[in-house]
Number of protein chains: 4
Amino acid sequence: MLTTTTRAAALVAGYREVRALTERLAGPLSPEDQVVQSMPDVSPTKWHRAHTTWFFETFVLGQFAPGYQPADPAYGYLFNSYYENVGARHPRPERGLVTRPSVEEVAAYRRAVDHALVDLLTAGEDRAEVLDLVELGLHHEQQHQELLLMDIKHVLSVNPTAPAYRGRPHHPGTPSPLAWTRFDGGQVEVGHDGDGFCFDNELPRHHVLLDPFSLADRPVSCGEWLEFMADGGYDQATLWLSDGWATCTQNGWRSPSYWFQVDGDWHVFTLDGARPVDPAEPVSHVSYYEADAYARWAGARLPTEAEWEHAAERHPVEGNLLGADELHPRADAGEGLRQLYGDVWEWTASPYTAYPGFRAAPGAVGEYNGKFMINQMVLRGGCCVTPPGHVRPSYRNFFPPHSRWMFSGVRLAEDAR
Amino acid sequence: MLTTTTRAAALVAGYREVRALTERLAGPLSPEDQVVQSMPDVSPTKWHRAHTTWFFETFVLGQFAPGYQPADPAYGYLFNSYYENVGARHPRPERGLVTRPSVEEVAAYRRAVDHALVDLLTAGEDRAEVLDLVELGLHHEQQHQELLLMDIKHVLSVNPTAPAYRGRPHHPGTPSPLAWTRFDGGQVEVGHDGDGFCFDNELPRHHVLLDPFSLADRPVSCGEWLEFMADGGYDQATLWLSDGWATCTQNGWRSPSYWFQVDGDWHVFTLDGARPVDPAEPVSHVSYYEADAYARWAGARLPTEAEWEHAAERHPVEGNLLGADELHPRADAGEGLRQLYGDVWEWTASPYTAYPGFRAAPGAVGEYNGKFMINQMVLRGGCCVTPPGHVRPSYRNFFPPHSRWMFSGVRLAEDAR
Amino acid sequence: MLTTTTRAAALVAGYREVRALTERLAGPLSPEDQVVQSMPDVSPTKWHRAHTTWFFETFVLGQFAPGYQPADPAYGYLFNSYYENVGARHPRPERGLVTRPSVEEVAAYRRAVDHALVDLLTAGEDRAEVLDLVELGLHHEQQHQELLLMDIKHVLSVNPTAPAYRGRPHHPGTPSPLAWTRFDGGQVEVGHDGDGFCFDNELPRHHVLLDPFSLADRPVSCGEWLEFMADGGYDQATLWLSDGWATCTQNGWRSPSYWFQVDGDWHVFTLDGARPVDPAEPVSHVSYYEADAYARWAGARLPTEAEWEHAAERHPVEGNLLGADELHPRADAGEGLRQLYGDVWEWTASPYTAYPGFRAAPGAVGEYNGKFMINQMVLRGGCCVTPPGHVRPSYRNFFPPHSRWMFSGVRLAEDAR
Amino acid sequence: MLTTTTRAAALVAGYREVRALTERLAGPLSPEDQVVQSMPDVSPTKWHRAHTTWFFETFVLGQFAPGYQPADPAYGYLFNSYYENVGARHPRPERGLVTRPSVEEVAAYRRAVDHALVDLLTAGEDRAEVLDLVELGLHHEQQHQELLLMDIKHVLSVNPTAPAYRGRPHHPGTPSPLAWTRFDGGQVEVGHDGDGFCFDNELPRHHVLLDPFSLADRPVSCGEWLEFMADGGYDQATLWLSDGWATCTQNGWRSPSYWFQVDGDWHVFTLDGARPVDPAEPVSHVSYYEADAYARWAGARLPTEAEWEHAAERHPVEGNLLGADELHPRADAGEGLRQLYGDVWEWTASPYTAYPGFRAAPGAVGEYNGKFMINQMVLRGGCCVTPPGHVRPSYRNFFPPHSRWMFSGVRLAEDAR
């Protein structure tokens with residue numbers, strides 16, 4: 001274990017790195033791009049930049065930096081996301097109405113808080129409580145880095161001119177056949193093992209019973225999804241959960257999100273602009289309802305989160321994450337169980353619930369996870385816009401079953417004979 | 001095991017009994033009462049009477065009775081609830097628009113199908129497939145008997161004059177203190193054990209791991225709920241799940257459903273009319289969100305469905321069920337773990353999912369359960385309007401977390417020291 | 001002018017006649033038919049029967065009959081339509097939730113009020129104030145007779161089996177060519193001339209200036225409307241008012257209301273059931289938006305209400321009204337300006353506003369008309385379900401421009417050369 | 001009449017002036033301010049700047065400038081407001097989702113079109129058709145100058161920090177008593193008299209009959225409105241039109257728009273920021289429903305548009321218009337009939353309909369007015385953000401009766417004895 005001094009120094013370095021990455025991600029975006037909210041789920045880039053800053057200001061500087069004065073008294077109201085413990089806040093669906101502070105004022109806010117935070121840490125602050133909150137703040141900001149990219153993708157996509165965030169050319173991948181890997185199951189352990197940072201929802205580590213099962217060795221590809229579509233996947237109610245079919249028909253779903261047809265051929269909008277769908281690459285931006293219907297059509301099922309974690313925890317956390325700078329899932333024509341980390345978040349069959357013995361942290365940061373444990377399904381493994389170092393085998397992401405604006409895909413599972 | 005002849009004979013007797021009970025339940029209701037749909041969740045009484053009949057007509061007579069002609073070709077469209085496999089159907093929210101067939105025509109439909117069904121069974125029909133479907137149909141009709149009472153309670157309640165279904169006087173109960181029963185947990189078995197009828201969602205029986213836990217020996221009472229209300233239970237966001245708080249504030253919830261204030265005192269609308277709330281009786285008509293908030297306020301939690309089943313399966317299936325003819329939960333000032341069956345369905349902390357290895361039945365009846373395994377929470381134990389013989393230790397009821405029109409209550413649990 | 005005694009006697013006779021007609025109109029309807037509300041605009045038959053009774057009870061008996069006790073204290077709340085002056089009332093969109101009082105109890109309510117009202121009038125009551133209110137109540141009930149038929153037509157139409165109110169066969173009419181009648185205009189008078197009953201909105205009679213104009217000699221026929229449809233009438237935005245086009249596309253209008261296609265041929269639902277559209281008969285159940293678009297397509301315009309009244313006031317008030325017992329507009333292959341009264345209400349280009357010097361009556365009955373003078377267009381002439389004796393040259397009916405469930409049609413006008 | 005050369009030269013000067021004013025009005029706004037749409041009625045500042053430019057590009061340059069190439073092919077879709085004749089367009093409620101083109105690109109678009117347009121006019125273009133369209137485009141842009149200020153006021157107001165567009169201090173006015181001016185009426189003429197520019201909806205000039213009437217000599221003041229509020233104006237249903245009362249209660253109106261309470265005192269948000277309500281100044285931002293209810297409360301009525309025009313046409317078109325640079329209505333303690341022009345648009349009792357003999361212009365510009373002649377009420381006289389030279393005695397503005405985001409006020413009228 002690090003001494004607190006060493007830990008503080010490491011946190012300063014980590015802090016600078018994480019904070020700088022956020023600014024780099026916002027770099028290609030104009031002030032106009034950064035203020036718009038294209039649907040209630042989406043937050044403006046400017047808001048992400050300010051909210052992550054507010055987190056450090058409120059939970060670290062406001063509580064522990066002697067004499068710290070908030071940058072602007074209005075920011076506590078504007079940039080609180082959902083912490084009921086720290087007071088009233090601006091309604092989420094109205095985040096796109098806030099034209100001021102300007103993008104430039106938000107940048108200044110970031111600089112002011114960075115300055116004060118680094119001062120605090122380098123002035124000998126060594127209380128674990130403070131350092132823990134800084135560390136939490138960094139993981140929190142990494143989550144918002146992923147959200148920033150998910151959200152700006154949606155913002156740009158609803159512009160009739162569909163401008164690109166970036167303009168890299170796409171090189172089509174090589175399709176690979178689907179194979180399966182078998183696991184014996186039995187009484188296994190899941191949950192975080194106590195080494196390094198984790199969120200409270202990954203605890204406590206505990207035993208579960210698993211029947212023998214098999215996992216597909218790679219995510220479902222766009223080519224396979226096109227077969228599902230061609231076979232009437234979006235037309236047959238009996239493939240779908242009841243709520244899923246209602247959602248599908250009400251929204252007129254005919255394909256994954258961001259797909260559209262040009263003269264009969266399917267195209268996809270990406271952060272690098274629109275282009276033809278590449279059959280080799282993993283399908284992305286599908287809802288739980290679609291993932292579940294696809295699995296039923298394929299004669300398989302989705303894995304539980306325990307199955308996924310048991311299979312994945314022996315694998316190195318490597319892959320097409322944000323560090324690879326692809327910003328889109330890519331084909332991997334390798335062999336064996338692969339692409340567990342990065343590319344696409346993988347829907348599991350597990351509702352997002354508390355682990356046995358789960359305790360939320362006391363105070364406002366206890367609102368981080370527990371209160372969302374309803375009406376959501378767990379996804380695992382990170383995706384192509386997840387910052388490296390952020391995801392773990394025990395990491396639990398979660399979204400409602402109808403959501404499609406995140407990089408969500410499908411890995412099949414089966415009961416093993 | 002019964003011989004098929006004996007089984008057919010037993011089914012004829014059961015059929016007559018179940019079908020007659022439905023008619024008895026509809027007895028106090030006028031044609032006007034039977035046609036109205038007070039919200040999309042509710043179905044008209046007339047519809048329940050016709051739909052349960054359609055079930056036998058479609059899945060038994062239509063398939064197995066030689067030369068059977070449907071009573072009316074329109075009924076297949078009007079009275080199919082949600083079976084995608086058997087064709088198009090009338091939209092659920094519009095069931096209250098169907099003034100014809102009349103209540104009297106529906107009664108004639110019931111008689112015609114009863115006649116044909118009994119004829120079929122008494123004519124030597126002994127195929128297990130047919131008898132299984134008749135048995136399923138009876139359990140299906142029992143579910144609709146409970147729904148009929150839940151639904152008519154809602155229909156009558158939205159009438160500004162709030163007429164009673166029946167007019168029995170209420171005798172207040174005796175409050176009893178709350179005590180706890182401890183269970184060691186370990187590797188236990190849950191799911192139906194294969195003896196007698198069960199729905200497919202109760203299978204397969206399988207092992208689960210349970211940590212030591214305690215269960216409250218009786219459901220939460222109205223008196224305790226009044227304390228929760230007095231302590232600001234409906235005002236403190238931090239007691240609630242995030243979706244729960246949003247639902248609570250959007251709907252202006254200040255108490256359980258069917259409660260209202262008269263000169264500052266809380267009253268409750270029951271099937272026997274409106275009267276003051278009785279502090280001794282179990283609280284009912286609370287949503288999962290409220291049950292969860294209450295448990296958090298009480299420093300406890302809700303049980304998982306496995307904990308509940310493990311605790312309950314050694315208890316006789318007895319209690320304040322429909323046979324007791326109370327039509328409302330009642331206080332039980334006894335001792336020890338009690339009121340597991342009847343009174344109120346008990347919310348569990350378990351989302352409604354497939355058991356490991358679950359397989360839906362083939363064909364239309366396979367739509368009975370599996371396609372609803374999303375966005376719902378499991379409730380256990382039956383309630384005061386559940387027909388006797390219908391509920392079991394392994395019986396899994398399920399509703400969305402915001403629903404309140406069923407007789408749903410709360411039993412607390414705790415991690416055991 | 002009648003002496004009050006003679007007037008009271010005439011009112012008793014009129015009262016008996018009008019009240020009996022309401023009951024005759026409800027005759028073919030079951031209790032189930034009479035309780036349902038198929039959309040917020042529609043009221044249940046039972047409600048019409050009770051509300052017209054409440055009108056006499058509240059405004060006549062309650063104020064002027066010594067010692068009169070209301071039949072039921074709840075009825076004042078349940079059956080007040082929109083009179084703010086006489087207290088709170090049940091929300092209009094929830095009229096279909098009121099299963100009790102039953103249809104039979106409403107019939108008893110009608111009998112009790114009839115008895116008391118006739119007693120009052122025959123006991124020598126001769127105050128003009130009272131007799132005026134009775135007369136107003138009769139005209140009010142006649143309006144509800146028309147509404148009862150409009151409303152039950154809608155109720156029956158939303159039943160998937162589309163049952164008929166009655167079952168008379170249809171005899172197709174003979175188409176006639178469209179001709180025009182010219183009027184010189186000038187300074188003319190409109191508004192009620194003071195002889196006999198009128199509503200306050202028909203007063204005061206006043207002068208208006210009219211340019212020379214021509215009126216089509218008969219309403220637009222279904223055959224002509226089919227030409228409009230075939231020519232893309234429902235596809236060309238530039239034919240429509242902006243709000244009209246938005247309404248048309250949002251609701252997917254492709255034809256008049258109650259029309260539907262069977263194997264490519266247009267059929268229409270009528271009070272006598274469904275049958276093929278008859279090209280010769282006047283088109284009905286079109287909105288103002290459609291009427292206006294049709295007129296633009298035809299190179300004409302809609303008449304103003306002053307033009308219509310000026311043209312119509314020299315014509316006898318005769319035609320296919322409720323007395324003809326057709327319950328549907330019919331072709332008239334006659335010659336000259338015709339079908340001004342009955343068949344279909346004719347949309348005018350005039351918004352419903354107060355005449356110069358208009359004064360609403362004092363008290364609750366002053367709410368009868370004035371407060372609806374916004375967002376509505378005037379229709380003239382009565383229709384096939386308007387009770388005879390109810391309509392006049394100066395009679396102003398009014399509906400919002402999107403409404404289609406009344407018998408509304410189109411008569412074209414042109415500026416004259 | 002001007003020669004076309006002189007007219008072209010005058011138009012070039014006018015063009016430069018109008019176009020420069022738009023840019024000046026946008027001057028205080030950041031890119032972030034200019035992109036947001038705070039409700040469907042509101043358009044972003046950037047959109048106004050681009051749309052007015054598109055108008056000249058589409059209707060003048062695209063049709064008449066030889067070899068003109070559109071600045072960007074996407075702009076025709078993005079910046080068409082409602083012209084069905086010139087093709088598909090971006091949905092109005094989504095104007096705030098368009099982050100690109102940027103504010104700077106829109107400024108460049110304006111410069112490019114300005115250059116081409118001035119080139120065209122100075123190159124000897126003398127066709128009346130072209131010059132008429134340029135003139136129409138200038139009046140069109142003036143309308144959008146007013147809209148720009150109305151809209152940005154709303155945008156800034158929904159920001160929780162309520163920033164000001166500008167920061168001038170307010171100097172309270174002096175209240176003046178209300179007096180009346182009598183008019184004899186008779187057969188008078190209304191509509192544009194043919195001298196100078198007018199919109200098609202002001203034609204043809206025609207005769208109307210007016211009874212004797214009186215007009216209040218100034219608009220209703222905030223002080224008088226506070227009396228209305230104190231007397232329960234927002235609580236008494238019987239003061240309101242039926243639709244008005246429904247709108248009032250559904251929206252929770254308790255005061256004019258932009259008013260709010262601080263410690264019991266009423267404040268108002270203005271383009272110069274928030275400050276206490278000044279009782280002397282004209283009330284503004286009231287809906288037709290409120291204006292009508294106020295008039296009823298005051299024992300008066302609203303004037304018809306013919307009464308207003310007859311009274312106003314002898315008065316010079318002067319007052320607190322945009323040229324005065326107040327950006328808010330102001331008190332005028334003068335004497336006699338005053339403040340007819342500027343300060344606040346005055347609601348009339350007249351629905352917006354076609355004048356007798358009205359003909360819309362052929363082609364796309366014919367969509368300018370006629371298709372909006374439904375569901376709107378006429379307002380007269382211009383307001384404090386109406387560009388000088390834009391309003392006339394015959395000018396007809398129009399809004400739906402529930403709208404409140406324009407500078408709309410009330411002048412009372414009475415039938416004269």
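Note that the structure is predicted; figures quoted are calculated from it, not measured. Throughout this document, residue positions are counted from 1 along each chain, in the order its sequence is written. Think of it this way: whatever chain is written first is A, whatever ligand is written first is 1, and the rest follow in order. Owing to the predicted nature of the model, reporting of local features is limited to residues with pLDDT of at least 70; listing and counting of side-chain atom pairs is limited to 80 or more, with chain, interface and lining totals taken over all residues. Side-chain numbers come from the whole structure's heavy atoms, not from hydrogens or water.

## Focus: helix 10 (residues 305-312) of chain D
Note the threshold: Burial classification: accessible surface area is computed with a 1.4 Å probe over protein chains only, and a residue below 20% of its type maximum counts as buried, one above 50% as exposed, and the rest as partly exposed. Helix numbering and strand numbering both begin at the N terminus, where a helix is a DSSP run of H or I of at least 4 residues and a strand a DSSP run of E of at least 2.
Counting buried positions over the 8 residues of helix 10 of chain D gives 8, a clear majority of the element. Listing the buried residues of helix 10 of chain D in full gives Glu305, Ala306, Glu307, Trp308, Glu309, His310, Ala311 and Ala312 of chain D.

## Overview of the relation of the copies chain D and chain A
As a reminder of what qualifies: Here the copies are superposed with least squares, the fitted atoms being C-alpha atoms of residues at a pLDDT of at least 70 in both. Contact criterion: two residues are considered in contact whenever any of their non-hydrogen atoms come within 4.5 Å of each other.
Take chain D, turn it by 180°, move it 0.1 Å along the axis, and it overlays chain A with an RMSD of 0.0 Å. In symmetry terms, the pair is related by a two-fold rotation axis. Among all residues of chain D, the one whose C-alpha sits closest to the rotation axis is Glu32 of chain D, at a distance of 2.7 Å. Both copies contact each other with a shared surface, as 100% of the interface residues of chain D are interface residues in chain A too.

## Quick word on unusual backbone geometry
Pro101 of chain B follows Arg100 of chain B through a cis peptide bond whose omega is 5°. Among the structural elements, Pro101 of chain B can be located in the loop between helix 4 (75-78) and helix 5 (103-122). In the segment running from Leu203 of chain B into Pro204 of chain B, the intervening peptide bond is cis, with an omega of -10°. One can find Pro204 of chain B in the loop between strand 2 (186-190) and strand 3 (206-210). If you check the backbone angles, Tyr258 of chain A has positive phi at about 75° while not being a glycine. Along the polypeptide, Tyr258 of chain A turns up in the loop between helix 8 (242-251) and strand 5 (259-262).

## Thoughts on the packing of helix 3 (residues 45-64) of chain A against helix 6 (residues 128-157) of chain A
Residue and element names in this part refer to chain A. Rules: Only the stretch in contact is used when a helix axis is fitted, and all axes are lines through C-alpha atoms; the angle between N-to-C directions ranges over 0 to 180 degrees. For classification purposes, angles smaller than 35 degrees are called roughly parallel, those larger than 145 roughly antiparallel, those between 65 and 115 roughly perpendicular, and all remaining angles oblique. Ten residues, namely Ala, Val, Leu, Ile, Met, Phe, Trp, Tyr, Cys and Pro, are considered nonpolar, four, namely Asp, Glu, Lys and Arg, are considered charged, and the remaining ones, Gly among them, are considered polar.
At their nearest, the axes of helix 3 and helix 6 sit 9 Å apart, and the two run at 170° to each other. The pairing of helix 3 with helix 6 is recorded here as roughly antiparallel in orientation. Of the residues in the contact of helix 3 with helix 6, the class split is 14 nonpolar, 7 polar and 3 charged.

## Thoughts on the interface of chain D and chain A
Note the cut-off: Throughout, buried area stands for the accessible area (probe radius 1.4 Å) lost by two parts on being put together, summed over both. When a carboxyl oxygen of Asp or Glu is within 4 Å of a side-chain nitrogen of Lys or Arg, the pair counts as a salt bridge.
Taken residue by residue, the interface counts 29 residues in chain D and 29 residues in chain A. Across the interface of chain D and chain A, roughly 2200 Å² is buried in total on both sides, 61% from carbon and sulfur atoms. Across the contact surface, chain D and chain A share 2 salt bridges. A salt bridge links Asp33 of chain D to Arg100 of chain A, with the nearest nitrogen and oxygen atoms 2.8 Å apart. Elements supplying a minimum of two residues to the side of chain D that touches chain A: helix 2 (31-35), helix 4 (75-78), helix 5 (103-122) and helix 6 (128-157) of chain D. Here the side of chain D that touches chain A gets 4 residues from one element, more than from any other, and that element is helix 2 of chain D. In terms of residue class, the side of chain D that touches chain A is made up of 17 nonpolar, 8 polar and 4 charged.

## Regarding the confidence of the model for chain A
Rules: Confidence of the predictor at the level of single residues is given by pLDDT, which spans 0 to 100.
When pLDDT is averaged across chain A, the result is 95; 99% of the residues are at 70 or more. In the model output, the complex is listed with pTM 0.95 alongside ipTM 0.96.

## Concerning the interface of chain C and chain B
Every contact between the two is made by 29 residues of chain C and, on the other side, 29 residues of chain B. Summing the contributions of chain C and of chain B, the shared interface buries around 2200 Å²; its carbon and sulfur component is 61%. On the chain C side of the interface with chain B, the three residues burying the most area are Glu32, Leu97 and Arg100 of chain C, jointly 32% of the side's total. Put simply, chain C and chain B have 2 salt bridges between them. Mapped by element, the contributors of at least two residues to the side of chain C that touches chain B are helix 2 (31-35), helix 4 (75-78), helix 5 (103-122) and helix 6 (128-158) of chain C.

## Let's talk about the relation of the copies chain C and chain B
Note that the two copies of the chain are related through a rotation about an axis and a translation along the same axis. Mapping chain C onto chain B is achieved by rotating through 180° and translating by 0.0 Å along the same axis, at an RMSD of 0.0 Å. Here 100% of the interface residues in chain C have copies in chain B that are interface residues too; the copies meet face to matching face.

## Regarding the arrangement of the chains
In this structure chain A stays clear of chain C, and the shortest span between their C-alpha atoms is 15 Å. In this assembly chain B lies apart from chain D, the nearest approach of their C-alpha atoms being 15 Å.

## As for the pattern of salt bridges
A pair can form between side chains of opposite charge whenever their charged atoms are brought close. All names here are of chain B. If you walk through the whole model with that rule in mind, you get 135 salt bridges over all chains. Residue Asp332 is joined to Arg338 by a salt bridge in which the shortest nitrogen-to-oxygen separation is 4.0 Å. Overall, Asp332 belongs to the partly exposed group, its relative accessible area being 32%. On the basis of relative accessible area, Arg338 is assigned to the buried category, the value being 7%.

## Comments concerning the sheet that holds strand 12 (residues 397-399) of chain C
In a beta sheet, neighbouring strands are held together by backbone hydrogen bonds and run either parallel or antiparallel to one another. Residues and elements named next belong to chain C. Put simply, the test is: One requirement defines pairing of two strands: DSSP has to find at least two bridges between them.
Spatially, the 4 strands line up as an open sheet ordered 12-11-10-13, and their pairing is mixed. Edge positions in the open sheet fall to strand 12 and strand 13 (408-409), since each of these has one partner strand only. Across 3 bridges, strand 10 (residues 345-351) lies against strand 11 (residues 377-380) in antiparallel orientation. In the sheet register, Pro351 faces strand 11, and the bridge partner there is Met377.

## Remarks on the sheet that holds strand 13 (residues 408-409) of chain D
A sheet is described by the order of its strands in space; here 4 strands give the open sequence 12-11-10-13 (chain D), paired in mixed fashion. Two strands in the sheet have a free side with no partner beyond their single neighbour: strand 12 (397-399) and strand 13 of chain D.

## Description of the packing of helix 7 (residues 222-230) of chain C against helix 9 (residues 288-297) of chain C
Residues and elements named next belong to chain C. It is at 11 Å that the axes of helix 7 and helix 9 come closest, and there the two elements cross at 80°. With respect to helix 9, the element helix 7 is oriented roughly perpendicular. When helix 7 is examined against helix 9, the residues Glu224, Trp225, Glu227 and Phe228 are found in contact with a partner set consisting of Glu290, Ala291, Ala293, Tyr294 and Trp297. Of the residues in the contact of helix 7 with helix 9, the class split is 6 nonpolar, no polar and 3 charged.

## Remarks on the pairing of strand 6 (residues 265-270) of chain C
All names here are of chain C. With 5 of its 6 residues buried, strand 6 lies for the most part within the structure. Between the antiparallel neighbours strand 5 (residues 259-262) and strand 6 lie 2 residues, among them Asp263 with a positive phi of about 50°. Alignment of strand 6 against strand 7 (residues 273-276), held across 4 bridges, turns out to be antiparallel. Considered in strand 7, the bridge of Phe269 is made with Ala274. Hairpin remark: strand 6 followed by strand 7, antiparallel, with 2 residues in the connecting loop.

## Digging into the packing of aromatic side chains
The geometry of an aromatic ring pair is captured by the separation of the ring centres together with the interplanar angle, meaning the angle of the planes. How we decide: Paired rings are identified among Phe, Tyr and Trp, the last through its six-membered ring, by centres lying within 6.5 Å, and are further divided according to the angle between planes into stacked (under 30 degrees), edge-to-face (over 60) and tilted (the rest). In this scheme, the term charge over a ring applies when either NZ of a lysine or CZ of an arginine sits within 6 Å of the ring centre and within 35 degrees of the ring normal.
Applying the stated criterion to the full structure yields 128 aromatic pairs over all chains. With centroids separated by 4.0 Å and ring planes inclined at 10°, the aromatic side chains of Tyr352 of chain C and Phe398 of chain C adopt a geometry described as stacked. Of this pair, Tyr352 of chain C sits in the loop between strand 10 and strand 11 while Phe398 of chain C sits in strand 12; the two residues are 46 residues apart in sequence, bridging distant segments of the chain. Tyr352 of chain C sits in the buried class, given a relative accessible area of 1%. Using a relative accessible area of 16% as the deciding quantity, one classes Phe398 of chain C as buried. Here the aromatic rings of Phe228 of chain D and Trp297 of chain D are separated by 5.4 Å at their centres, their planes lie at 70°, and the arrangement is edge-to-face. With Phe228 of chain D in helix 7 (residues 222-230) and Trp297 of chain D in helix 9 (residues 288-297), this pair connects stretches of sequence that are 69 residues apart. By relative accessible area, which is 24% here, Trp297 of chain D ends up partly exposed. Across from the ring centre of Trp47 of chain A, 3.6 Å away, lies the NZ or CZ of Arg95 of chain A, which sits over that ring. Sitting above the plane of the Tyr355 of chain D ring, Arg396 of chain D keeps its charged end 4.0 Å from the centroid.

## What to know about the pairing of strand 4 (residues 213-216) of chain C
Residues and elements named next belong to chain C. Burial of the side chains of strand 4 extends over both faces: Phe213 and Leu215 are buried on one face and Ser214 and Ala216 on the other. Across 3 bridges, the pairing between strand 4 and strand 14 (residues 413-415) is antiparallel. Note that in strand 14 the partner of Phe213 across the bridge is Asp415.

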